[in-house]
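Spelled out from the first residue to the last, the chains are:
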Amino acid sequence: TRLLYVVPSAIISRDRRELIRKQFAASGLPRNDVVLLFIVGVYSDPFGEPLSQHDDQQMEEEADTYGDLLVTSCADNDVGYSEPSRMDFFWRQLPTSSTTCKSLEAFKFAHAHVRYEFLARMGDDAYFNVRHFLQNVAPRLPRTRLYFGRMAWPSPHTPIGAAKDLYGLRDYPEYAIGIGFVLSRDVVSTLALMDSQGIPLRQPAPEDVTIALWLLPFEIPRQNTPHIFNHPDSLAHIAHDVNRGFCSNQAVAVHYVQAADYLEIRKSDGVMMCRQEHLLQVTLTMITEHQDNWSNISADDRASLAIDLFVKTEHQTSSWFQRDFANRRLHARVVYTHTIAHAHTTHPQGGPHAHDHAHAHTHAPLSQ
């Protein structure tokens, strides 16, 4: 097996697992190349309350049907994000996070029972292009001491909860954000053996930071990629989402995907196109370049559109953006570079109206 693909999930999230299973089956990869496992827990909360009879029956039925559930002694859910008192309890006192526990149990299972090269831990609300990873990314990665993901450094977040109270951190270490990350087998085994045969590892939230803390004493280089990112239409209310990206044939994983986004996956290579809302917003952004059209845009739209244009990206250019815009109102041609989105527009009557602030560094275009 080249890749062990593990997904911490909750029993109630079967619809997300079905989407992942369907797309994974459509990838056409040989069974020997990839093993897919969903990690669930046997307790309904971190206090040891058992699953309801309905959830327990659903788990058994799903496990019998697909054979891809790894049932662990973890809580299946964390408590009450919606209740301030419980949220405070969760962050400040609760010693174990459901997601952290599930990831560690997956590591221990992998060490004991699976032979593989890489382990990818992905969220169940993320789309992971397994085919692209194995064919184009994995061959360039080292087989040992690998910690690969979208690294947050410096982190925009201030340490809270266990990171602050247990470890006394003033800043988070460099960590792969929770969309997903990839570890080599030796790194996974090191963590598994430390917990099972050494001194047990603390398992607080947030899981992505905790795993980086576990690895902090070891000489394991962080390998950053910009091609793991939040879907361009997600978290639109956040003006400076540093993890938002734009889909291209370089994308490894896309976070906060909806069921409709799976319909935008290209069959030939598994690329998620992310076209719908994002293209509409960028087109309107082009309109705001011209003062005579500015009055047609509401104040709320102006604010949200500015977010989508002036967002930090990393070499995310694709020619299909240009073709899709070819017949739009301003015949806009959009180029995304590694620092800012620059617009090259052409006036509807054909006269040039260029806003060229920098040379664009582009990837190869998407082929249809």
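Residue positions are given per chain, counted from 1 along the sequence in the order it is written. Selection of residues for local features in this predicted model requires a pLDDT of at least 70, selection of side-chain atom pairs for listing and counting requires 80 or more, and totals for whole chains, interfaces and linings are taken over all residues. Computation of side-chain values covers all heavy atoms of the structure but excludes hydrogens and water.

Things to note about the overall build of the protein chain
Inference 1: Think of it this way: any DSSP run of H or I at least four residues long counts as a helix, any run of E at least two long counts as a strand, and we number them from the N terminus. Counting secondary structure elements, the protein chain contains 12 helices and 13 strands.
Inference 2: Exposure is judged per residue with a 1.4 Å probe applied to protein chains only, and the accessible area is read against the type maximum: over 50% gives exposed, under 20% gives buried, and values in between give partly exposed. The buried share of the protein chain, reckoned over its 368 residues, is 51%.
Inference 3: A fraction of 73% describes how many contacts in the protein chain between residues 6 or more apart in sequence connect residues 24 or more apart.
Inference 4: With the model as given, the accessible surface of the protein chain reaches about 17,700 Å², and the carbon-plus-sulfur share is 51%. When checking whether two residues touch, look at their non-hydrogen atoms; a contact exists if any pair is within 4.5 Å. Accessible areas in this description were obtained via Shrake-Rupley with a 1.4 Å probe; residue shielding takes into account the shown protein chains only.

Details of the state of the cysteines
Two cysteines, two sulfur atoms, one covalent bond between them: this is a disulfide.
Inference 1: Pairs of cysteine sulfur atoms within 2.5 Å are identified as disulfides in what follows. For the structure shown, the criterion picks out 1 disulfide.
Inference 2: Put simply, Cys74 and Cys101 are joined by a disulfide, and their sulfur atoms are 2.0 Å apart. For the disulfide bridge between Cys74 and Cys101, the dihedral angle about the S-S bond is near -80°, and by the sign convention the bridge is left-handed. A residue pair is termed long-range when its members are at least 10 positions apart, and Cys74 in strand 3 (residues 69-75) and Cys101 in helix 4 (residues 98-113) qualify at 27 residues.
Inference 3: For Cys101, a relative accessible area of 8% puts it in the buried group.

A closer look at the pairing of strand 1 (residues 3-8)
Inference 1: Among the 6 residues of strand 1, 6 are classified as buried, and the element is accordingly described as predominantly covered.
Inference 2: Neither face of strand 1 is open: one carries Leu3, Tyr5 and Val7, the other Leu4, Val6 and Pro8, and all of them are buried.
Inference 3: Pairing between strands is defined by DSSP: at least two bridges between the two strands are required. In the sheet, strand 1 pairs with strand 2 (residues 34-43) via 6 bridges, with the strands oriented parallel. If you follow Leu3 over to strand 2, its bridge partner there is Val34.
Inference 4: By definition, the crossover connecting two strands over a helix is right-handed if that path, from the first strand to the second, turns clockwise as seen with the strands pointing away from the viewer. Assessed by its sense of winding, the connection that carries the chain from strand 1 through helix 1 (residues 14-26) to strand 2 is right-handed.

Points about unusual backbone geometry
Inference 1: In this structure, Pro206 follows Ala205 across a cis peptide bond, with omega equal to -5°.
Inference 2: Positive phi values are uncommon outside glycine, yet Arg145 reaches one of about 50°.
Inference 3: Structurally, Arg145 is set in the loop between helix 5 (130-137) and strand 6 (147-152).
Inference 4: Judged by relative accessible area, Arg145 falls into the partly exposed class, the value being 39%.
Inference 5: Located in the positive-phi region is Tyr256, a residue other than glycine, with phi close to 60°.

Here's the deal with helix 8 (residues 207-215)
Inference 1: Of all 9 residues that make up helix 8, 9 are buried, and the element is covered over most of its length.
Inference 2: All of the buried residues in helix 8 are Glu207, Asp208, Val209, Thr210, Ile211, Ala212, Leu213, Trp214 and Leu215.
Inference 3: Tucked into the core, helix 8 has its buried residues touching helix 4, strand 4 (118-122), strand 6, strand 7 (175-184), helix 7 (185-197) and strand 8 (222-224).

A closer look at the packing of helix 4 against helix 8
Inference 1: Axes here mean lines fitted to C-alpha atoms, for a helix over just the part in contact, with angles spanning 0 to 180 degrees between N-to-C directions. Contact pair helix 4 / helix 8: the axes reach a minimum separation of 9 Å and the direction vectors enclose 50°. Here helix 4 is positioned oblique relative to helix 8, judged by the angle of their axes. Pair helix 4 / helix 8 crosses with right-handed handedness. Across the interface between the two elements, Thr99, Thr100, Ser103, Leu104 and Phe107 of helix 4 pack against Glu207, Thr210, Ile211 and Trp214 of helix 8. An angle below 35 degrees is read as roughly parallel, one above 145 as roughly antiparallel, one from 65 to 115 as roughly perpendicular, and any other as oblique. The handedness criterion is simple: a crossing whose near helix is rotated anticlockwise from the far helix by less than a right angle is left-handed, and one whose near helix is rotated clockwise is right-handed.

Things to note about the packing of aromatic side chains
Inference 1: Each Phe, Tyr or Trp ring, with Trp reduced to its six-membered ring, pairs with another whose centre is within 6.5 Å; inter-plane angles below 30 degrees give stacked pairs, above 60 give edge-to-face pairs, and intermediate values give tilted ones. The tally for this structure, following the rule as stated, stands at 7 aromatic pairs.
Inference 2: Ring centres of Tyr127 and Tyr262 lie 5.9 Å apart, and the angle between their planes is 80°; on these two criteria the pair is classed as edge-to-face. Of this pair, Tyr127 sits in strand 5 (residues 126-128) while Tyr262 is found in the loop between strand 10 (253-255) and helix 9 (276-287), placing the two residues 135 residues apart along the sequence. For the pair formed by Tyr127 and Tyr262, the shared burial category is buried.
Inference 3: Members of the aromatic cluster, each reached through a chain of ring pairs, are Tyr5, Phe24, Phe118, Phe128 and Phe133.
Inference 4: The cationic tip of Arg21 hangs over the ring face of Tyr66; the distance from NZ or CZ to the ring centre is 3.9 Å.
Inference 5: Look at NZ for Lys and CZ for Arg. If either is within 6 Å of the ring centre and within 35 degrees of the ring normal, a charge sits over the ring. One cation-aromatic arrangement involves Arg185 over Tyr116; the distance from NZ or CZ to the ring centre is 5.9 Å.

Quick look at the nonpolar core
Inference 1: In terms of nonpolar packing, the biggest core is built from 73 residues, with Leu3, Tyr5, Phe107, Phe128, Phe133 and Tyr147 touching the most fellow members.
Inference 2: In terms of residue count, strand 7 provides more of this core than any other element does, 7 residues in total. Think of a nonpolar core as a cluster: buried Ala, Val, Leu, Ile, Met, Phe, Trp, Tyr and Cys residues, connected wherever their side-chain atoms sit within 4.5 Å.

A short note on the sheet that holds strand 9 (residues 228-230)
Inference 1: Ordered in space as 5-10-9, the 3 strands form an open sheet in which the pairing is mixed. The outermost strands of the open sheet, each flanked by one partner alone, are strand 5 and strand 9. This sheet shows a mean twist of 15° between the axes of neighbouring strands, independent of strand direction.
Inference 2: Sheet topology note: the strand 9/strand 10 ladder contains 3 bridges and is parallel.

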